[in-house]
Amino acid sequence: FVLGGDGTHKGASQTFDACLDIEHECAVIGVPKTIDNDVPLLDQTFGFDTACTEALKAVDSAYVEACCNANCIGLVKLMGRHCGFIAMHATLASRHVDICLLPEMDIDVEKVLNHVAHLMRTKRRAVIVVAEGCGDTLIQSSGAVDAGGNKVLADAGLWLKGAITKRMKELQIPLTIKYIDPTYMIR
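Quick look at the structure, then. (Residues numbered from 1 in each chain as written. Predicted model: local features only at pLDDT ≥ 70, side-chain atom pairs only at ≥ 80, totals over all residues. Heavy atoms only, no water.)

**Brief notes about the overall build of the protein**
For step 1, the next point in the chain: The secondary structure content of the protein amounts to six helices and six strands.
For step 2, the next point in the chain: Taken from N to C terminus, the helices and strands of the protein fall in the order β-α-β-α-β-α-β-α-β-α-β-α.
For step 3, the next point in the chain: Taken over the C-alpha atoms alone, the protein extends approximately 70 × 30 × 25 Å along its principal axes.
For step 4, the next point in the chain: In the protein, buried positions account for 40% of the 187 residues.
For step 5, the next point in the chain: Working note: accessible area of the protein is about 10,700 Å², and carbon and sulfur atoms make up 53% of it. (Helix = DSSP H or I, 4+ residues; strand = E, 2+ residues; numbered from the N terminus. Buried < 20%, exposed > 50% of the residue type's maximum accessible area, 1.4 Å probe, protein only. Areas by Shrake-Rupley, 256 points an atom, 1.4 Å probe, with all protein chains shown as cover.)

**Looking at the nonpolar core**
For step 1, the next point in the chain: By size, the foremost hydrophobic cluster in this structure holds 23 residues, and its most contacted members are Val59, Val76, Leu78, Ile86, Ala87, Val129 and Ile186.
For step 2, the next point in the chain: At the level of elements, helix H2 (48–68), strand S3 (72–78), helix H3 (85–94) and strand S5 (125–131) are the ones that each hand at least two residues to this core.
For step 3, the next point in the chain: At eight residues, the largest contribution of residues to this core is made by H2.
For step 4, the next point in the chain: With sequence-adjacent residues up to four places away left out, valine 59 is seen in contact with Val76, Leu78, Ala90, Ser94, Val97, Val127 and Val129. (Core = buried A, V, L, I, M, F, W, Y, C linked by side-chain atoms within 4.5 Å. Contact = heavy atoms within 4.5 Å.)

**Comments concerning the packing of H2 against H3**
Helix packing geometry: the angle between the two helix axes and the distance between the axes.
For step 1, the next point in the chain: The contact between H2 and H3 brings their axes to 8 Å, and the two run at 55°. One way to sum up the angle between H2 and H3 is to call them oblique. Here the hand of the crossing between H2 and H3 comes out right-handed. Counted together, Phe48, Ala51, Cys52, Ala55, Leu56, Val59 and Asp60 of H2 and Phe85, Ile86, His89, Ala90, Ala93 and Ser94 of H3 form the full contact between these two elements.
For step 2, the next point in the chain: Its residues assigned to classes, the contact of H2 with H3 comprises ten nonpolar, two polar and one charged. (Axes fitted to C-alpha atoms, helices over the stretch in contact; angles between N-to-C directions. Parallel < 35°, antiparallel > 145°, perpendicular 65-115°, else oblique. Left-handed = near helix turned anticlockwise from the far one by under 90°. Nonpolar A, V, L, I, M, F, W, Y, C, P; charged D, E, K, R; others polar.)

**Here we look at the sheet that holds S3**
For step 1, the next point in the chain: Spatially, S4-S5-S3-S6 is the arrangement adopted by the four strands of the open sheet, whose pairing is parallel. Here the strands that pair on one side only, and so sit at the sheet edges, are strand S4 (99–101) and strand S6 (176–180). The mean inter-strand angle of the sheet, taken between neighbouring strand axes irrespective of direction, is 15°. (Pairing = 2+ DSSP bridges.)

**Structural notes on the environment of asparagine 69**
For step 1, the next point in the chain: Its location among the elements puts asparagine 69 in the loop between H2 and S3.
For step 2, the next point in the chain: C-alpha of asparagine 69 to C-alpha of threonine 176: the two residues are 107 residues apart in sequence and 7.9 Å apart in space.
For step 3, the next point in the chain: A polar contact of 2.8 Å, which involves the side chain of asparagine 69, links it to the backbone oxygen of glutamate 65. (Polar contact = N/O pair within 3.5 Å; in protein donor to acceptor, adjacent residues only side chain to side chain.)

**What about the side chain of threonine 45?**
For step 1, the next point in the chain: Here threonine 45 lies in the loop between strand S2 (30–32) and H2.
For step 2, the next point in the chain: A distance of 2.3 Å separates a polar atom in the side chain of threonine 45 from the backbone oxygen of threonine 34.
For step 3, the next point in the chain: Excluding residues within four positions of it along the chain, threonine 45 makes contact with Thr34, Asn37 and Val39.

**Digging into H2**
For step 1, the next point in the chain: Along its 21 residues, H2 runs 30 Å from first to last C-alpha, staying within 8% of the 30 Å computed at 1.5 Å per residue.
For step 2, the next point in the chain: Where H2 is concerned, the buried positions are Phe48, Ala51, Cys52, Ala55, Ala58, Val59, Ala62 and Ala66. Each buried residue of H2 sits inside an arc of 120° when the element is viewed along its axis, so together they form one side. Exposed residues pointing more than 90 degrees away from the buried face of H2 are listed as Asp49 and Cys68.
For step 3, the next point in the chain: Against the buried residues of H2 lie S3, H3, S5, S6 and helix H6 (183–186). (Expected span 1.5 Å × (residues − 1). Arc of directions from axis to C-beta.)

Rendered as structure tokens:
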């Protein structure tokens, strides 16, 4: 029995293939465990609820920062390489998020930046959540792969922080951005 994510199941498959190569009878049963909740036919995967709870803490922290500082944006980058389930569920649970960007969306950066400017002029604060998978939809990554064979994504959170800062400076809108990346707390 193997309980794990993509890398774990890849290793289990390689173990099974190696057993076949030496004509050793072996059965491998894989149980998916992914905090991304992106396994078809399953309502919820192991770890998803915990990941959303931790993500919600980060979003709430961004809200506190945005409310307690003048002209402030709380910007949170959440996990989700190919799907935005964690970002979406944390956004819905928090009820404080003004903008949520998911990798499944076609995002018009100009519209996002214009809306941020509108929020800063009217509310003088905002909370923005961006899923890490937007590092392949908002901007282009280098195409490099990590040790596990996964594509290394460009950092959508830092890129968005820079784009917002630049636009608000052009529009002469005072701004502070509090950037929160809780990736390792959630994992």
